[in-house]
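Here is what each chain is made of, one letter per residue.
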Amino acid sequence: MKNESTTIDVPAESSSAMKGKAPLIGVARETTSGSGGYNRGLSIFDFLLRLAAIVAALAAAATMGTSDETLPFFTQFLQFEASYDDLPTFQFFVIAMALVGGYLVLSLPISVVTILRPLATAPRLLLLVLDTAVLALNTAAASSAAAISYLAHSGNQNTNWLPICQQFGDFCQKSSGAVVSAFVSVVFFTILVVISGVALKRH
């Protein structure tokens, strides 16, 4: 008897087909690598902005906290003095800006994590939420202090509030400088929120 043999031909993929599939993996890796490099650049910029915002926030708190002036003429029973703790709004400003500066210092390690792991979503999302909340506090402190500084410079004729900056020039200069520094911090925070949003969108 003759042995019958059956041959099964398995079609092999052509080299052209294999070549057509290979570049897809390369493109995916290249896209992931490019996104990670872009996010790492954003994270480095984020870290530098936080350092600048720390300087602005703490400078605002320190400047307002040391704003104190006593007029040279006074009597035994009467002394003319202006200080930030005479106004609750300025007290709130000092406390709020100190909190803002403290938060920025504590947020630096999280910012470093986003540099080391540019594609991680959790730390970036945490920064976005916290930055937005602290931005609201910073804006409230700067805006309220700006309103008081405006009254100190211009007064209000309808309520018979007289301007005091002609007498307390140094006090008004320091308080106004603190307000400007606080608004600079607001600008930095706004950019930080935008950076976090852009980085999350590219994940």
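Residues numbered from 1 in each chain as written. Predicted model: local features only at pLDDT ≥ 70, side-chain atom pairs only at ≥ 80, totals over all residues. Heavy atoms only, no water.

Where an unreviewed UniProt entry is consulted, the protein appears under the name CASP-like protein, with the organism given as Arabidopsis suecica. Reading the Subunit (unreviewed entry) entry of the UniProt record for the protein gives the comment "Homodimer and heterodimers." What UniProt records for the protein under Sequence similarities (unreviewed entry) is the sentence "Belongs to the Casparian strip membrane proteins (CASP) family." (UniProt positions renumbered as here; feature names shortened; annotations may be inferred.)

All right, on to helix H3 (residues 122-154) then. Between its first and last C-alpha atoms H3 spans 48 Å; for 33 residues at 1.5 Å apiece the expected length is 48 Å, and the two agree. Remark: Gly155 follows H3 within two positions and exhibits a positive phi of approximately 70°. (Helix = DSSP H or I, 4+ residues; strand = E, 2+ residues; numbered from the N terminus. Expected span 1.5 Å × (residues − 1).)

As a further point, take the layout of surface pockets. Computed from the structure, the largest pocket encloses a volume of approximately 230 Å³. In this structure, the largest pocket is lined by Glu81, Ala82, Ser83, Asp86, Leu87, Ile148, Leu151, Ala152, Trp161, Leu162, Ile164 and Phe171. Classifying every residue of the lining of the largest pocket by side-chain character gives 9 nonpolar, 1 polar and 2 charged. (1 Å grid on protein atoms, 1.4 Å probe; cavity = no way out; pocket = protein on both sides within 12 Å on 5 of 7 lines; lining within 4 Å. Points joined across faces, edges and corners; volume = space filled by probe spheres on them. Nonpolar A, V, L, I, M, F, W, Y, C, P; charged D, E, K, R; others polar.)

Let us look at the UniProt feature "transmembrane region" (unreviewed entry) in the protein. UniProt tags residues 47-65, 90-113, 125-152 and 178-200 as "transmembrane region" (unreviewed entry). Helix makes up 100% of residues 47-65 and strand makes up 0%, while its end C-alpha atoms are separated by 27 Å. Along residues 178-200 the backbone is 100% helical and 0% strand, and the end-to-end C-alpha distance reaches 33 Å.

Met64, Phe93, Met97, Leu104 and Phe189 are the most contacted members of the largest nonpolar core, which totals 39 residues. Breaking this core down by element, the ones donating at least two residues are helix H1 (15-65), helix H2 (88-116), H3 and helix H4 (169-201). Take this core: its biggest share by element is 11 residues, from H4. Ignoring any residue separated from it by four or fewer positions in sequence, one finds Met97 in contact with Ala57, Ala60, Ala61, Asn138, Ala141, Ala182 and Ser185. (Core = buried A, V, L, I, M, F, W, Y, C linked by side-chain atoms within 4.5 Å. Buried < 20%, exposed > 50% of the residue type's maximum accessible area, 1.4 Å probe, protein only. Contact = heavy atoms within 4.5 Å.)

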